[in-house]
Amino acid sequence: DYLEQIVARSSEGIFLLDAREANRPIVFVNPAAERLTGYRAGELVGKPWHVLKRDRGDHRGIDQLQSAVERTEPADVELPDQRKDGTVWLCRIATSLLRDARGEVRYLLVQQRESPRRTGAGGAETGIFRPDIGRAKPPGDVASRLDPATGLPRYDQFAAILNRDIAIARRD
């Protein structure tokens with residue numbers, strides 16, 4: 001069946017959540033979702049989607065996503081996520097509603113992919129986690145040390161921090 005091949009070969013992680021159950025358990029995971037999260041389908045199916053178990057207030061995207069899922073509405077957010085091995089990555093999550101023949105929402109389709117903001121110049125992966133995304137901007141003195149486009153320390157600030165850490169490591 002072509003549809004099964006398309007889903008299996010998709011580069012986006014696909015999760016299917018049961019919209020009829022309050023905790024929205026996972027009923028299907030494609031291979032890309034396994035690659036992105038580090039979890040095997042057998043570890044996920046039947047369990048609530050881990051992103052929905054996170055505390056509200058941790059990130060604006062989590063609040064938006066959880067609210068949309070609770071109201072059974074579509075969502076499109078960007079937020080940090082954590083793989084099974086503990087690495088943090090910035091992902092883009094979109095949810096859609098799948099209805100049955102009576103028009104009732106039966107499933108939530110979740111599509112998850114790495115955020116394009118995770119790549120640096122030339123497409124090289126930076127691996128940088130920005131916990132400040134969606135939060136208030138830092139005060140002016142701190143903001144002047146950060147690159148406005150990436151939110152990362154400017155080179156001179158980064159070099160100062162790196163040299164300080166090297167000096168501390170040499171003492172230890």
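Bear in mind the structure is a predicted one, so any value in this text is a computation, not a measurement.

Caption draft 1: Looking closely at the nonpolar core. By size, the foremost hydrophobic cluster in this structure holds 23 residues, and its most contacted members are F15, L17, I26, W49, L65, L79 and I93. Counting residues per element, the ones that place at least two in this core are β1 (13-18), β2 (26-29), α2 (31-37), α4 (60-70), β3 (75-82), β4 (88-99) and β5 (105-114).

Caption draft 2: Molecular detail of the environment of E43. Considering the arrangement of structural elements, one finds E43 in helix α3 (residues 41-44). For E43, a relative accessible area of 29% translates into the label partly exposed. Once you skip the residues sitting within four places of it in the chain, E43 turns out to touch G38 and K84. A polar contact of 2.6 Å, which involves the side chain of E43, links it to the side chain of K84.

Caption draft 3: Seen up close, the pairing of β1. Taking burial as the measure, the 6 residues of β1 include 6 buried ones, the bulk of the element. Judged by which residues are buried, β1 turns out to be covered on both faces: G13, F15 and L17 on one side and I14, L16 and D18 on the other are all buried. Where β1 and β5 come together, 6 bridges link them in antiparallel fashion. Of the residues in β5, the one forming a bridge with G13 is Q112. Pairing between β1 and β2: 3 bridges, direction antiparallel. In the sheet register, F15 faces β2, and the bridge partner there is V29.

Caption draft 4: Structural detail: the pattern of salt bridges. Under the counting rule described, the total for this entry stands at 11 salt bridges. The residue R40 makes a salt bridge to E34 at a minimum N-O spacing of 3.6 Å. For R40, a relative accessible area of 51% gives the class exposed. On the accessibility criterion, E34 (16% relative accessible area) is buried. Salt-bridge contacts for D100 lead to R102; the nearest nitrogen and oxygen are separated by 3.3 Å. The class of R102 is exposed, set by a relative accessible area of 66%.

Caption draft 5: Inspection of the environment of S115 at higher detail. In this fold, S115 is placed in the loop between β5 and α5 (140-143). Each C-alpha atom of the pair S115 and I93 lies 8.9 Å from the other, and the pair is 22 residues apart in sequence. The contact partners of S115, leaving out residues within four places of it in the chain, are E78, L90, C91 and R92. Of the polar contacts made by the side chain of S115, one reaches the side chain of E78; its length is 2.5 Å.

Caption draft 6: Up close: the pairing of β3. The buried count for β3 comes to 6 of 8 residues, which makes it a mostly enclosed element. Strand direction decides the pairing type here: β3 and β4, joined by 8 bridges, are antiparallel. Opposite D76, over in β4, you have A94 as the bridge partner. The hairpin turn running from β3 into β4, its antiparallel successor, is 5 residues long, and G86 in that turn takes a positive phi close to 95 degrees.

Calculation rules
Residues numbered from 1 in each chain as written. Predicted model: local features only at pLDDT ≥ 70, side-chain atom pairs only at ≥ 80, totals over all residues. Heavy atoms only, no water. Core = buried A, V, L, I, M, F, W, Y, C linked by side-chain atoms within 4.5 Å. Buried < 20%, exposed > 50% of the residue type's maximum accessible area, 1.4 Å probe, protein only. Helix = DSSP H or I, 4+ residues; strand = E, 2+ residues; numbered from the N terminus. Contact = heavy atoms within 4.5 Å. Polar contact = N/O pair within 3.5 Å; in protein donor to acceptor, adjacent residues only side chain to side chain. Pairing = 2+ DSSP bridges. Salt bridge = Lys/Arg side-chain N within 4 Å of Asp/Glu carboxyl O.

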